[in-house]
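Residue strings, one per chain:
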Amino acid sequence: MSYSDFTLDRVRKTFGLTISDKTDIFASVHEVECPPLLAEVLRENVPLALASNTEKSRSEMIIAPILIAVRKYLNNQISLFSGIDFTVDSAQGLNGNCDFIISRSPELLILNAPVVTIVEAKKENINAGLGQCVAEMLAAKLFNEREGNNIQAIYGTVTTGTTWKFLKLMGQVMEIDLSEYYINDIGKIIGILSNILTE
């Protein structure tokens, strides 16, 4: 097994999670003004990514520029890893590549704890990516614990690039925000990502 083999129901049963669906978990998070460069990049890239309609095009043309803008907004105090192997516990199926991993360490060459955010790119079906994202978040929790960084919350997002759904893992409780955020509300998306990375 690997991350991509997990459905939401399977990961819940395998790891004894409680799933808590909530609305507007991030309602109190303030928007961040979209940087002009990112706005220009998205104006150019979004139509291209949607036309080719692959996970790779959405990941490269929409998601990566947004995450890079968040990193710049946070004065490069976080690190961003794309497509790396994140094998934490193969026996439990917590192995495979992650689309994006964000760490609170500014170290760029080595993935250091604490890993705080997992970003899972999906072509069109957000809900189909929830199980995989939850499995990756559990791996991040285990990775942090092994490194002596027992941070309280691990966050995840499943995104098509134009639609974003956020998740929060606290102990054995997985909160899934029923609200979805859209690319035309990019300031809110940047605000949420910045908030969870500096919490």
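Now for a quick tour of the structure. (Residues numbered from 1 in each chain as written. Predicted model: local features only at pLDDT ≥ 70, side-chain atom pairs only at ≥ 80, totals over all residues. Heavy atoms only, no water.)

**Some details on the overall build of the chain**
Keep this limit in mind: Counting from the N terminus, the helices are the DSSP runs of H or I reaching at least four residues and the strands are the DSSP runs of E reaching at least two. Radius of gyration here uses only the C-alpha atoms, and the compact-globule reference equals 2.2 Å multiplied by the residue count raised to the power 0.38. Contacts: residue pairs with any heavy atoms within 4.5 Å of one another. Under the convention used here, a 1.4 Å probe and the Shrake-Rupley method define accessible areas, while residue burial counts only the protein chains that appear. Charge assignment: positive for Lys and Arg, negative for Asp and Glu; neither His nor the chain ends contribute. Charge positions come from single atoms, namely NZ of Lys, CZ of Arg, CG of Asp or CD of Glu.
Assigned secondary structure in the chain consists of 5 helices and 8 strands. In the chain, the order of α-helices and β-strands from amino to carboxyl end is α-β-α-α-β-β-β-α-β-β-β-β-α. Computed over its C-alpha atoms, the radius of gyration of the chain comes to 16 Å, within 12% of the 16 Å expected for a compact globule of 199 residues. Summarising the internal contacts of the chain: among those between residues at least 6 apart in sequence, 63% fall at separations of at least 24. Carbon and sulfur atoms make up 49% of the accessible area of the chain, which totals about 9100 Å². Looking at charge distribution, the chain has the averaged site of its 17 positive side-chain charges lying 2 Å from that of its 24 negative ones.

**Structural notes on a nonpolar patch on the surface**
To keep it simple, the criterion reads: Each patch is built from residues that are more than 30% exposed by relative accessible area and take part in no salt bridge. Like charges join if they lie within 9 Å; nonpolar side chains (Val, Leu, Ile, Met, Phe, Trp, Tyr) join within 5 Å. Just to be clear on terms, a salt bridge is a Lys or Arg side-chain nitrogen sitting within 4 Å of an Asp or Glu carboxyl oxygen. Partly exposed residues are those whose accessible area sits between 20% and 50% of the maximum for their type, while under 20% is buried and over 50% is exposed, using a 1.4 Å probe and protein chains only.
Taken together, the side chains of Leu108, Leu109 and Ile110 present a nonpolar region at the surface, about 350 Å² in accessible area. Its location among the elements puts Leu109 in the loop between β3 (100-103) and β4 (115-121). Judged by relative accessible area, which is 78%, Leu109 ranks as exposed.

**Section: the packing of helix α3 (residues 55-73) against helix α5 (residues 186-198)**
Two packed helices can be described by the angle between their axes and the distance between those axes. For clarity, the cut-off: For helices, the fitted axis covers only the stretch in contact; all axes are lines through C-alpha atoms, and the angles between them, taken along N-to-C directions, range from 0 to 180 degrees. The labels follow the angle: roughly parallel below 35 degrees, roughly antiparallel above 145, roughly perpendicular from 65 to 115, and oblique for the rest. Working rule for handedness: look at the near helix, and if it is turned counterclockwise from the far one by less than a right angle, call the crossing left-handed; if clockwise, right-handed. Each residue gets one of three labels, nonpolar for Ala, Val, Leu, Ile, Met, Phe, Trp, Tyr, Cys and Pro, charged for Asp, Glu, Lys and Arg, and polar for the others, Gly among them.
Where α3 meets α5, the axes come as close as 10 Å, and the angle between the chain directions of the two elements is 55°. Here α3 lies oblique to α5, going by the angle between them. The way α3 lies across α5 gives a crossing that is right-handed. Of the residues in α5, those touching α3 at Ile66, Leu67, Val70 and Tyr73 are Ile186, Ile190, Leu193, Ser194 and Leu197. Of the residues that constitute the contact of α3 with α5, the class distribution is 8 nonpolar, 1 polar and no charged.

**Some details on the layout of surface pockets**
Just so we agree on the cut-off: A 1.4 Å probe that fits but cannot get out identifies a cavity on a 1 Å grid over protein atoms alone, an open set with protein on both sides within 12 Å along at least five of seven lines counts as a pocket, and a residue lines either if it has an atom within 4 Å of a point. Grid points are joined across faces, edges and corners, and a volume is the space filled by probe spheres set on the points.
In this model, the largest pocket occupies a volume close to 210 Å³. Forming the walls of the largest pocket are Pro35, Leu37, Leu38, Val41, Pro65, Ile68, Ala69, Lys72 and Tyr73.

**Comments concerning the side chain of Ser20**
One can find Ser20 in strand β1 (residues 18-22). When residues no more than four places from it in sequence are discounted, the contact partners of Ser20 are Val173, Met174, Glu175 and Ile176.

**Here's the deal with α5**
Put simply, the rule reads: Any helix carries an expected span of 1.5 Å times its number of residues minus one.
When the terminal C-alpha atoms of α5 are compared, their 18 Å separation across 13 residues agrees well with the 18 Å that a helix rising 1.5 Å per residue should span. With 11 of 13 residues buried, α5 lies mostly within the body of the structure. Every buried residue belonging to α5 is among Ile186, Gly187, Lys188, Ile189, Ile190, Gly191, Ile192, Leu193, Ser194, Ile196 and Leu197, and all of these are buried.

**Topic: the pattern of salt bridges**
Taken as a whole and judged by the stated rule, the model has 7 salt bridges. As a salt-bridge pair, Lys22 and Glu175 come within 3.4 Å of each other at their nearest N and O atoms. Pair noted here: Lys22 is in strand β1 and Glu175 is in strand β7 (residues 173-177), with a separation of 153 residues, a long-range link. Its relative accessible area of 15% is what places Glu175 among the buried residues. As a salt-bridge pair, Lys122 and Glu120 come within 3.6 Å of each other at their nearest N and O atoms. Taking relative accessible area as the criterion, Lys122 reaches 14% and is therefore assigned buried. One network of salt bridges, with partners in common, ties together Asp9, Arg12 and Lys13.

**With respect to helix α2 (residues 36-52)**
To be explicit about the condition: For a residue, the bend is simply the angle between two axes, fitted respectively to the seven-residue segment ending there and the seven-residue segment starting there.
For α2, spanning 17 residues, the distance from its first C-alpha to its last is 25 Å, which sits close to the expected 24 Å at 1.5 Å a residue. Along its length, α2 shows its largest kink, about 35°, at Asn45, and proline Pro47 lies within four residues downstream of that point. Within the sequence span of α2, burial applies to Leu38, Leu42, Asn45, Val46 and Ala49. Once α2 finishes, Asn53 follows within two positions and takes phi at roughly 50°, a positive value.

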